[in-house]
Amino acid sequence: MVDVPTSASEPTTAEPGRVELENEREYVDALYTRLDELREEKTEQLAKVRRMGAIGSLQNQSERDAYATMHEDRLAQLNAVEERLVFGRLDLDGAAVGATTVETEDDDDGVGATRYIGRIGLTDGEQRRLLIDWRAPEAGAFYQATAFERLGVRRRRHLILRGRHVASLEDDVLDETLLDEVEVHQGEGALLAALTQRRTGRMGDIVSTIQAEQDRIIRTDMAGVVVVQGGPGTGKTAVALHRAAYLLYEHRERLKSAGVLLVGPSHAFMRYIERVLPSLGETGVVMSSLGELMPGIDAGEELSHDVARIKGDLRMAQAVKRAVANRQRLLAEDRRVVVEGTNLTLTCKQVKRARDKARSTGKPHNEARATFVKILVRELAEQLQEQLEESSGGGNKADRAYLVEDVRSSEDVRIALNLCWLPVTPQRLVSELLSNPEHLVAAAPHLSAQETLALLRPADAAWTESDVPLLDEAAELLGELDPSAGRAEAQAAAQRKRDLELAEKSVQSTDEMLAEYGQDGLVTAEEILDFNEEQGPSYTAAERAMSDRTWAYGHVVVDEAQELSPMQWRLLMRRCPMKSFTVVGDIAQASSATSTTSWSSALAPFVGDRFQLEELTVNYRTPTQIAEAAARVAQRAGLTVSTPKAVREGAWPPIVDHVQGSVVDALRRVLPEEVEASDGGLTAVIAPRDLLDAVRAVAVELFGRRVGTGSGGVEQDIVVTTAREAKGLEFDVVVLVEPEALIAEAGGGLGDLYVAMTRATQRLRVLAAGTVPDGLEG
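Residues numbered from 1 in each chain as written. Predicted model: local features only at pLDDT ≥ 70, side-chain atom pairs only at ≥ 80, totals over all residues. Heavy atoms only, no water.

Q: Explain the overall build of the chain here, please?
A: Helix and strand counts for the chain come out as 30 helices and 22 strands. For the chain, with 778 residues in total, the buried portion stands at 50%. When the accessible surface of the chain is totalled, it reaches about 35,400 Å², and 49% of it is carbon and sulfur. (Helix = DSSP H or I, 4+ residues; strand = E, 2+ residues; numbered from the N terminus. Buried < 20%, exposed > 50% of the residue type's maximum accessible area, 1.4 Å probe, protein only. Areas by Shrake-Rupley, 256 points an atom, 1.4 Å probe, with all protein chains shown as cover.)

Q: In this structure, what is going on with the environment of Pro 295? I would like to understand it.
A: Looking at where Pro 295 falls in the secondary structure, it is placed in the loop between strand 9 (286-289) and helix 10 (305-312). Once the C-alpha coordinates of Pro 295 and Val 468 are considered, the two residues, 173 residues apart in sequence, prove to be 9.9 Å apart. Apart from the residues lying within four places of it in its own chain, the contact partners of Pro 295 are Met 546, Ser 547, Asp 548 and Arg 549. (Contact = heavy atoms within 4.5 Å.)

Q: What is the right way to look at the side chain of Thr 758 in this model?
A: Locating Thr 758 in the fold gives a position in the loop between helix 30 (751-757) and strand 22 (760-768). Accessibility expressed as a relative area gives 2% for Thr 758, which makes it buried. Setting aside chain neighbours within four positions, we find Thr 758 in contact with Pro 232, Arg 621, Thr 622 and Ala 630.

Q: Quick question: what am I supposed to make of the sheet that holds strand 4 (residues 129-133) here?
A: Strand pairs in the sheet, formed through backbone hydrogen bonds, run parallel or antiparallel to each other. On the basis of which strands lie adjacent, the open sheet formed by six strands has the order 3-4-2-1-5-6 and mixed pairing. Of all the strands in the sheet, just strand 3 (122-123) and strand 6 (165-173) have a single pairing partner and so form its edges. (Pairing = 2+ DSSP bridges.)

Q: Explain the packing of helix 23 (residues 566-575) against helix 24 (residues 599-607) here, please?
A: Taken N-terminus to C-terminus, the directions of helix 23 and helix 24 make an angle of 45°; their axes are 10 Å apart at the nearest point. When the interaxial angle is binned, helix 23 and helix 24 end up oblique. Crossing angle aside, the handedness with which helix 23 passes helix 24 is right-handed. For the pair helix 23 and helix 24, the contacting residues are Pro 566, Trp 569, Arg 570 and Met 573 in the first and Ala 602, Leu 603, Phe 606 and Val 607 in the second. Its residues assigned to classes, the contact of helix 23 with helix 24 comprises seven nonpolar, no polar and one charged. (Axes fitted to C-alpha atoms, helices over the stretch in contact; angles between N-to-C directions. Parallel < 35°, antiparallel > 145°, perpendicular 65-115°, else oblique. Left-handed = near helix turned anticlockwise from the far one by under 90°. Nonpolar A, V, L, I, M, F, W, Y, C, P; charged D, E, K, R; others polar.)

Q: Teacher, can you tell me more about the UniProt feature "coiled-coil region" (unreviewed entry) in the chain here?
A: Mapped onto this numbering, the UniProt entry gives "coiled-coil region" (unreviewed entry) at residues 21-48. Note that residues 21-48 is 100% helix and 0% strand, and that its end C-alpha atoms are spaced 41 Å apart. (UniProt positions renumbered as here; feature names shortened; annotations may be inferred.)

Q: Is there a simple way to think about unusual backbone geometry in this case?
A: Peptide bonds are trans in most cases, and residues, glycine excluded, mostly fall at negative phi. Positive phi, close to 65°, is recorded for Gln 127, a residue that is not glycine. Mapped onto the elements of the fold, Gln 127 is located in the loop between strand 3 and strand 4. The exposure class of Gln 127 is exposed, given its relative accessible area of 57%. Residue Lys 579 is not a glycine yet carries a positive backbone phi of 55°. Position of Lys 579 relative to the elements: it lies in the loop between helix 23 and strand 13 (581-585).

Q: Could you clarify how one ought to interpret the packing of helix 16 (residues 426-435) against helix 19 (residues 468-478) in this entry?
A: The relative placement of two packed helices comes down to the angle between their axes together with the axis-to-axis distance. Direction vectors running N to C along helix 16 and helix 19 enclose 125°, while the axes themselves pass 8 Å from each other. Between helix 16 and helix 19, the angle falls in the class oblique. Our pair here, helix 16 against helix 19, has a crossing hand that is right-handed. Contacts between helix 16 and helix 19 involve Pro 426, Gln 427, Leu 429 and Val 430 on the former and, on the latter, Leu 470, Leu 471, Ala 474, Ala 475 and Leu 478. For the contact of helix 16 with helix 19, the residue count by class is eight nonpolar, one polar and no charged.

Q: Just checking my understanding: could you explain the packing of aromatic side chains for this structure?
A: Two numbers describe a pair of aromatic rings. These are the distance of the centres and the angle of the planes. With the rule as written, the count across this model stands at four aromatic pairs. Summarising the aromatic geometry, the rings of Phe 142 and Tyr 143 are spaced 5.2 Å apart at their centres and angled 90° between planes, so their arrangement reads as edge-to-face. Considered together, Phe 142 and Tyr 143 belong to a single accessibility category, that of buried residues. Here the aromatic cluster, defined as three or more aromatic residues joined through ring pairs, consists of Phe 87, Phe 142 and Tyr 143. Positioned over the ring face of Trp 652 is Arg 763, at 4.9 Å from the centre of the ring. (Phe/Tyr/Trp six-rings, centres within 6.5 Å; stacked < 30°, edge-to-face > 60°. Lys NZ or Arg CZ within 6 Å of the ring centre and 35° of its normal.)

Q: Looking at this model, I keep getting lost on the pattern of salt bridges. Mind explaining?
A: Opposite charge on two side chains lets them pair, provided their charged atoms get close. Taken as a whole and judged by the stated rule, the model has 54 salt bridges. Glu 20 is paired through a salt bridge with Arg 155; the nearest N and O atoms lie 3.7 Å apart. With a gap of 135 residues between them, Glu 20 in helix 1 (residues 16-51) and Arg 155 in strand 5 (residues 153-162) connect regions that are remote in the sequence. Each member of the pair, Glu 20 together with Arg 155, is buried. In this structure, Glu 302 and Lys 311 form a salt bridge, with 3.3 Å as the shortest nitrogen-oxygen distance. Under the relative-accessibility criterion, Lys 311 is labelled buried at 2%. Here the salt bridges do not stand alone but share partners, grouping Glu 20, Glu 24, Arg 89, Asp 91, Arg 155, Arg 157 and Asp 171 into one network. (Salt bridge = Lys/Arg side-chain N within 4 Å of Asp/Glu carboxyl O.)

Q: Any chance you could explain the sheet that holds strand 19 (residues 707-709) here in plain terms?
A: Strand order across the open sheet formed by six strands is 17-22-21-18-20-19, with parallel pairing between neighbours. Only two strands of the sheet have a single partner each, and these edge strands are strand 17 (655-658) and strand 19. Shown here is a sheet whose adjacent strand axes are inclined to one another by a mean of 20°, direction ignored.

Q: I would appreciate a short explanation of helix 15 (residues 411-420) in the present structure.
A: Every α-helical turn comprises 3.6 residues, leaving residues that sit three or four positions apart pointing alike. Listed in full, the buried residues belonging to helix 15 are Val 413, Ala 416, Leu 417 and Cys 420. Burial along helix 15 is one-sided: seen end-on, the buried residues are contained in an arc of 95°. The secondary structure elements touched by the buried residues of helix 15 are strand 10 (335-339), strand 11 (342-346), helix 12 (348-360), helix 13 (365-391) and helix 14 (403-409). You can read the cap of helix 15 off the contacts: a side-chain oxygen lies 3.3 Å from the backbone nitrogen of Asp 412, and it is on Ser 410. (Arc of directions from axis to C-beta. Polar contact = N/O pair within 3.5 Å; in protein donor to acceptor, adjacent residues only side chain to side chain.)

Q: For this particular structure, what's the right way to read empty space enclosed by the protein?
A: Here the idea is plain: a probe the size of a water molecule rolls over the atoms and shows the empty space left. For the coordinates displayed, the defined rule picks out three cavities of 30 Å³ or more. Its boundaries defined by the atoms lining it, the largest cavity holds a volume of some 440 Å³. Lining of the largest cavity is provided by 30 residues; of these, Glu 302, Glu 465, Ser 592, Ala 593 and Arg 724 occupy positions nearest its centre. In terms of residue count, the dominant contributor to the lining of the largest cavity is helix 10 (four residues). Classifying every residue of the lining of the largest cavity gives nine nonpolar, 11 polar and 10 charged. (1 Å grid on protein atoms, 1.4 Å probe; cavity = no way out; pocket = protein on both sides within 12 Å on 5 of 7 lines; lining within 4 Å. Points joined across faces, edges and corners; volume = space filled by probe spheres on them.)

Q: Is there a simple way to explain the nonpolar core in this structure?
A: The nonpolar side chains of soluble globular proteins are, as a tendency, buried together. Within the largest apolar cluster, 75 residues are counted, with the highest numbers of intra-cluster contacts made by Trp 134, Leu 262, Leu 736, Leu 753, Met 757 and Leu 764. By residue number, the principal contributor to this core is helix 6 (residues 236-250), which donates eight residues. In this structure, Val 286, Met 294, Ala 561 and Trp 569 belong to the second largest nonpolar core, which totals 55 residues. (Core = buried A, V, L, I, M, F, W, Y, C linked by side-chain atoms within 4.5 Å.)

Q: Is there a simple way to think about the pairing of strand 18 (residues 683-686) in this case?
A: Side-chain direction in a regular strand flips from residue to residue, so the side chains alternate between the two faces of the sheet. In strand 18, alternate side chains face the same way, and those of Thr 683 and Val 685 on one face and Ala 684 and Ile 686 on the other are all buried. Bridging between strand 18 and strand 20 (residues 718-721) involves four bridges; their strand directions are parallel. Note on strand 20: the bridge partner recorded for Ala 684 is Val 719. Taken together, the four bridges between strand 18 and strand 21 (residues 731-737) define a ladder with parallel strand orientation. Bridge pairing links Ile 686 to Leu 736 in strand 21.

Laid out in structure tokens, this is it:
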């Protein structure tokens, strides 16, 4: 039992604010004490379950594993919310403002006229609510209430914690009658304090500072496609992550089994955001970059804009389909095969008839092959039997069922059938398609000679992001390589269906009995079945989904979605048949060869006009001077960009150095100045690829191990990166090298430069040996 303070101490005339601060510290201490108790309780329960070992019946072992997983998940959640466990308090109409009691007796919703808001919900030993989860409906007023629409809120208080210690308070008094009654705590402001703090190389959550327009989008219904459009710094990624956490809370039963997929543009981006969801109490989301969407493949960046554009075209789906169909060949002429010394004839008509019947099954290539082989093996066995009977004078009608196996085992037959219909993996099909000009021309007649030549590459070339949709398309059309692989799953599914029907009857009978005593049933048929099912190792939905290409997710979140090709959209739509998506991005930041010019054109082939467009209008990250310079550059280049209003002025306008000589030598001079200006924060050097090695060498020469690169470099003090890898990230200081080269690298598009300029939260410096884009200097 946690000792929760029941009221505030009497304020002193000297320090009324200090008394309230101490009272809040006492309450927060009690919350952390309760958190520790729950951690200890779950640790002991988990240890007890593990001590049981693999003993007893299969049912007992299954129950033990289920309990272990439940305790592990809860313990992971409790451990992940250590930092800023509680961050807010609401005093509602009827609350005794100034007290730290959580009152319940006069409150209709049972959560008290004073509510403390935190990362997760907590109750005491008697199930009284001490802390309300930020996603709960009754916590919504913390983000939505204003002085014009109070929603019953008299005062909103932000608790600013340092570790487990309440460092300060920030009050928003919404009921003007309180202004003369309470000590109003004002300061830097919780939002501005969060915006101006130094970056760490990892994205933090915004759960304590979510703004009203963000909260409305986060809590939008799960059904359908929600598109969140927003300029740089508007919090698109934060909204997407908090929406994923909210949906998992609000639709727990549905999504705990189907799961949520979160897709980002790069490894660096995924590392940058990977701690946010655990800090919000969620650990079951599958997070994947575009290059990891095919299990077993970790694809790199597609460096050629032309190749990315060609592979991203939806017509490549038909090309892959033709490539599969071309593996189902007919004979040019009848073929002789030898079985046990007997000459047989495999005719063109037989092969065509078997191919047509196999295709008519509608099964994928590798699975339909079983039908093709079965038909031809049977016909060849009949032909063999006829010859054997004729050679024996026609009077020997002995059972010759063994002849089927003789035909199937014949090397001649195996070679002939494989030449007509060879089983194949997605990797082999796509590799041969892109390395064999004859295969490519036959499968993709829509390509010009120049485009065909651009696609051709060595058979052992590394996979790229634009290959992944082709591999996924091939996997869908080919099916399992082992045609028997699906039978066991089908049998298991049929058995589960029968068991579920029995369980439902059992539950119905039990519920009827309980109803006679005025009680409700506590379990579902699914829960009974899961509880009693014989299981192997216990895996979460996220763990199973990561290794299963055919997994159907309950919801998909796509960040930097403006960069996706039509083929990548096709892949993602296949991952979520219910078409429940949260799509976030900014059309103006598009820089890939396959990026879209509008959300309508991107989504029309898949959902038509059935999507809801939301727009974020406030720039929380980028200072006004930098945001305006980036917008000017984009607009003077002819781009239509949203210009969200920045919430703060910066200390510096963009600094442009017109370099005489080498920009690399200039970097050696200015980088120490910029690192010092970051005041212990993060400094990024963003450069075109052809200068990246030289720039990295200078940074390492000056700062040694403090320099990071690539996907693992975002946690270092100084990061050397490309504009593409910087997408979605943020730094205190950005040094941008050769802006015109970034434009050229992107095939003349301005998206990469626009992205690079808006990564800075404090200061932007540009080094240019040649001209600079129009608008950069005003």
